[in-house]
Amino acid sequence: MERVIIRGVGSCMPECILPNADLEGMVDTTSEWIVMRTGIESRRICLDTEMASDLGCEAARKALENANISTCDIDLIIVATVTPDMRFPATACIIQKKLGCVDIPCFDVNAVCSGFIYALDVARNFLLNNSKMKNILVIGTEKMSSIVNWEDRSTCVLFGDGAGAVVLSRDMEENSDAGILDVLIGADGSLGHLLHCPIYGSTGPVGVGSTEKDEYFIKMEGREVFKEAIKRMCAVAGDVLQRNGLTIDDINCVIPHQANMRITSAIADRMGIPQEKMLINLQHTGNTSAASIPIAMNEAIQNGKIQSDDLVLTVAFGAGMTWGAALIRWK
Ligand code: ACO
């Protein structure tokens, strides 16, 4: 049976660190409040000249190096992002140019914080159904700092910038059960108003007189998002385990979307996941939306927290509302 494996992983974080203490001088907040309510201690922030494609390109280069393949071996690039460099062309096309892998198809996926799992599912299906494709680059990259209202204390403390990438490949090795075993994705558009960024599209062209400044930025009903995030991530993780005849005890580690420590702790409590199995790095990244899972995945590999043969569960939730979970037997 053909399987799709994660052959290489990489990430790229901006150099500039924004600690909570610096936010105290920007909005009415304290480092203690941020740590207590979110677990976040610092986040990385792009320079004005640094774009989502720059971070994504560097993360992709590292993933290619880790996979030990060259740009010529890539058959498709999919970028999950909610902060593309520009409205069009797609950030995937911009990254293609920067990487120098010409003529292959490229497109972006927008499922906000669930974007990486959506893109993983799309890529996996391409590989399983298109025999001409062997290797696909899946990149999650975000410059959340460009859509954060730095005067709104209820949102600006939460987000950060960064990128992560994986190379997915068809694996022909016999007698192996490694690879992406299953992916489950879902959405409920009726809850879109809970978390949105109004002016990025046909809703309100830039320059229209009535446009309020804060319409350019993330708007969120934090408490409602918080409740939905826990409910949906527990449900989708439970569903993907159940339909594969597994329980949480079969899982070696869980990589949740890195939004808020209280959300990840609540998921661990409800699902009976020991804290040591939860791979958390949001303390120094903040919420990097579509980039959060591949960044955490790369860090966990670097730290030896994911080993060959481990069964990894990854689960996300984001604006839309969208959600997704993937089961991966690590190789
Ligand atoms: N510093 C100090 N006080 C603050 C801050 C801040 N940065 N932000 C809000 N407050 C105040 C509020 O104004 C409020 O004050 P009031 O009681 O006088 O009105 C008080 O703190 C409590 O506010 P709540 O919004 O009820 O605080 P809560 O405990 O819910 O924490 C938070 C807020 C952290 C945003 C939480 O709701 C949350 O994490 N929600 C999920 C949001 C999220 O993760 N979104 C990311 C995208 S979706 C995803 O990735 C899963």
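Residues numbered from 1 in each chain as written. Predicted model: local features only at pLDDT ≥ 70, side-chain atom pairs only at ≥ 80, totals over all residues. Heavy atoms only, no water.

**Focus: the overall build of the protein chain**
Now for step 1: Within the protein chain one finds 9 helices and 13 strands.
Now for step 2: A compact globule built from 331 residues would reach a C-alpha radius of gyration of about 20 Å, and the protein chain, at 19 Å, matches this within 12%.
Now for step 3: Principal-axis analysis of the C-alpha atoms places the extent of the protein chain at approximately 60 × 45 × 35 Å.
Now for step 4: Taking the intrachain contacts of the protein chain between residues at least 6 apart in sequence as the baseline, contacts between residues at least 24 apart amount to 77%.
Now for step 5: As presented, the protein chain carries roughly 14300 Å² of accessible surface, and 50% of it is formed by carbon and sulfur atoms.
Now for step 6: For the protein chain, the centre of its 29 positive side-chain charges and the centre of its 42 negative side-chain charges are spaced 2 Å apart. (Helix = DSSP H or I, 4+ residues; strand = E, 2+ residues; numbered from the N terminus. Rg over C-alpha atoms; globule rule 2.2 N^0.38 Å. Contact = heavy atoms within 4.5 Å. Areas by Shrake-Rupley, 256 points an atom, 1.4 Å probe, with all protein chains shown as cover. Lys, Arg positive; Asp, Glu negative; His and termini not counted. Charge placed at Lys NZ, Arg CZ, Asp CG, Glu CD.)

**Considering the packing of aromatic side chains**
Now for step 1: Within the structure shown, the criterion is met by 1 aromatic pair.
Now for step 2: Judged by centre distance (6.3 Å) and plane angle (45°), the ring pair of phenylalanine 107 and phenylalanine 126 falls under tilted. You can see phenylalanine 107 sitting in strand β5 (residues 106-109) and its partner phenylalanine 126 sitting in helix α5 (residues 115-129), a full 19 residues away along the chain.
Now for step 3: Assessed through its relative accessible area of 26%, phenylalanine 107 is described here as partly exposed.
Now for step 4: On the basis of relative accessibility, which here comes to 28%, the residue phenylalanine 126 falls in the partly exposed class. (Phe/Tyr/Trp six-rings, centres within 6.5 Å; stacked < 30°, edge-to-face > 60°. Buried < 20%, exposed > 50% of the residue type's maximum accessible area, 1.4 Å probe, protein only.)

**Side note on the packing of helix α7 (residues 222-242) against helix α8 (residues 261-271)**
Each pair of packed helices can be described by the angle between their axes along with the distance between the axes.
Now for step 1: Viewed as axis vectors pointing N to C, α7 and α8 meet at an angle of 45°, and their least axial separation amounts to 10 Å. On the basis of the axis angle, α7 is oblique to α8. Handedness of the α7/α8 crossing: right-handed. Where α7 abuts α8, its residues Phe226, Ala229, Ile230, Lys231, Met233, Cys234, Ala237, Gly238 and Leu241 lie against Arg262, Ile263, Ala266, Ile267, Arg270 and Met271.
Now for step 2: Class assignment for the residues of the contact of α7 with α8 results in 11 nonpolar, 1 polar and 3 charged. (Axes fitted to C-alpha atoms, helices over the stretch in contact; angles between N-to-C directions. Parallel < 35°, antiparallel > 145°, perpendicular 65-115°, else oblique. Left-handed = near helix turned anticlockwise from the far one by under 90°. Nonpolar A, V, L, I, M, F, W, Y, C, P; charged D, E, K, R; others polar.)

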